[in-house]
Amino acid sequence: MKTTSFKGRDFLAETDFTREEIETVLTVAEQLKKDRAMNNYHDQLLRSKTLFMIFYNQSLRTRNSFEAGMTQLGGHAHYLDPDKIYKPALEGREIAYTTERVSDVARVLDRMGDAIAIRCYGDPVDWEYGGAHAMLKEFARWADIPVLNMEDDIYHPFQGLADVLTVKDKFGGYKGVKFTMSWAYSPSVHKPRAVPQSAILYATMLGMDVTLAHPKGMELAPDIMEQCKTYADAAGGSFKYTDNFEEGVEGAHVVYPKAWCATPIFQAPVGENDPKKTKEIFDAHKDWKCTADTMKLAHKEAIYLHCLPADRGYEVSNEVMDKTSGPGWTSAIFDQAENRLHVQKAVMSLVMQ
Ligand code: CP
């Protein structure tokens with residue numbers, strides 16, 4: 001277990017940490033989870049420390065798990081609405097007395113607290129793929145304290161950590177686990193790619209047998225696909241793609257169907273910034289929905305995962321969402337949501353010490 005290298009580091013993407021470091025994070029998360037179950041307080045770990053959280057987008061799970069996590073570790077989290085501060089903006093995108101340059105915001109918060117966490121994707125960066133991640137990197141360039149990614153347009157690294165901790169909780173490890181990340185239909189086309197990209201990165205890094213299923217037009221980023229192949233080869237797992245929903249789910253231990261945006265939603269050069277075309281691609285695939293019949297194709301002890309919020313009746317049936325106990329396949333979505341708390345506390349206690 002690697003224990004010495006975390007202090008002061010940013011966590012903007014799963015690729016920032018090695019597999020050994022990710023395993024350390026998961027081990028620490030399990031310990032903190034056990035402590036909480038036993039009512040053993042660990043509020044000395046980040047006593048008097050402050051986390052600044054800047055949310056450009058809405059959130060239930062991320063905000064509350066970071067905020068509760070900081071309280072449980074003995075510190076405090078500030079919620080910052082970009083419209084109520086001077087909205088942090090990159091050089092060249094500034095508006096007088098409305099925005100403040102990221103380099104200035106980062107250096108001010110750096111003097112007052114112990115980490116900065118940011119969520120930004122989609123509309124705030126006009127669907128320029130990678131624009132939000134570039135802003136997070138600019139924060140990290142200027143702040144000496146850790147910068148944490150609470151979901152940008154490429155990665156949702158804390159969600160992915162919670163996903164794989166849930167797999168470990170249910171199956172005891174990763175070797176031989178068949179993990180299917182699938183697209184599913186939603187009436188909303190404005191869904192970032194970060195969750196599926198982070199999920200398949202971690203699943204391949206940890207050596208699972210990973211299937212990515214989606215209709216044509218919903219491709220994930222080519223560099224993420226390459227990284228997944230590299231991880232799968234290094235870890236002795238596998239990584240394959242199918243455009244057939246049922247084929248993707250067949251025999252899977254983990255069934256993770258959710259909507260993500262189609263390529264045309266992004267600005268050039270990635271897409272054409274065309275929501276109408278995106279909607280047409282979505283509407284041609286309304287049958288990509290997870291029902292009890294879908295789950296019957298999976299392994300008999302399979303778990304259903306979703307990062308939430310899920311679009312009930314579209315991405316997934318109520319029956320699947322709400323079958324949270326056995327026999328047979330079960331929905332693990334609330335265990336998965338709870339695990340956000342434990343993995344975030346683990347990373348914060350390691351990098352903010
Ligand atoms: N899964 C997730 O990130 O949820 P929120 O959007 O509610 O934070």
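Residues numbered from 1 in each chain as written. Predicted model: local features only at pLDDT ≥ 70, side-chain atom pairs only at ≥ 80, totals over all residues. Heavy atoms only, no water.

**Examining the pattern of salt bridges**
Between side chains of opposite charge, pairing is possible as soon as their charged atoms come close. Under the counting rule described, the total for this entry stands at 21 salt bridges. Across the pair E67 and R63 runs a salt bridge whose closest N-O atoms are separated by 3.1 Å. Of this pair, E67 and R63 both sit in helix α2 (residues 61–72), four residues apart, roughly one helical turn. You can call E67 partly exposed: its relative accessible area is 23%. Its relative accessible area of 28% is what places R63 among the partly exposed residues. One salt bridge connects R141 with E138, and the closest N-O pair in it is separated by 3.2 Å. Of the two residues, R141 and E138 are both situated in helix α4 (residues 131–142); the distance of three residues between them amounts to about one turn of the helix. (Salt bridge = Lys/Arg side-chain N within 4 Å of Asp/Glu carboxyl O. Helix = DSSP H or I, 4+ residues; strand = E, 2+ residues; numbered from the N terminus. Buried < 20%, exposed > 50% of the residue type's maximum accessible area, 1.4 Å probe, protein only.)

**Side note on the nonpolar core**
By size, the foremost hydrophobic cluster in this structure holds 99 residues, and its most contacted members are L51, L161, F179 and I200. For this core, the two domains that each supply at least three residues are domain 1 (14–154 + 340–351) and domain 2 (159–338). Beyond its immediate stretch of four places on either side in the chain, L51 contacts F66, M70, H76, A77, H78, A115, I116, A117, L148, M348 and M352. (Core = buried A, V, L, I, M, F, W, Y, C linked by side-chain atoms within 4.5 Å. Domains from an automatic or database assignment. Contact = heavy atoms within 4.5 Å.)

**Observations concerning the domain arrangement of the protein**
By a frequent convention, interface size equals the accessible area lost on bringing the separate parts together. Each domain of the protein was delimited in the assignment, giving domain 1 (14–154 + 340–351) and domain 2 (159–338). Inter-centroid distance (C-alpha atoms) of domain 1 to domain 2 is 24 Å. Between domain 1 and domain 2, the residue contacts involve 27 residues of the former and 36 residues of the latter. Interface area for domain 1 against domain 2, summed over the two sides, is near 2800 Å², with a carbon-plus-sulfur share of 62%. The largest share of the area that domain 1 buries against domain 2 comes from E14, W127 and Y129, three residues that together contribute 28% of it. At the boundary of domain 1 and domain 2, one finds two salt bridges. Between K33 and D169 there is a salt bridge; the shortest N-O distance is 2.8 Å. Counting across the interface, domain 1 meets domain 2 through 15 residue pairs in polar contact (both at pLDDT 80 or more). Elements with a minimum of two residues in the side of domain 1 that touches domain 2: α1 (19–37) and α12 (333–351). (Buried area = accessible area lost by both parts, 1.4 Å probe. Polar contact = N/O pair within 3.5 Å; in protein donor to acceptor, adjacent residues only side chain to side chain.)

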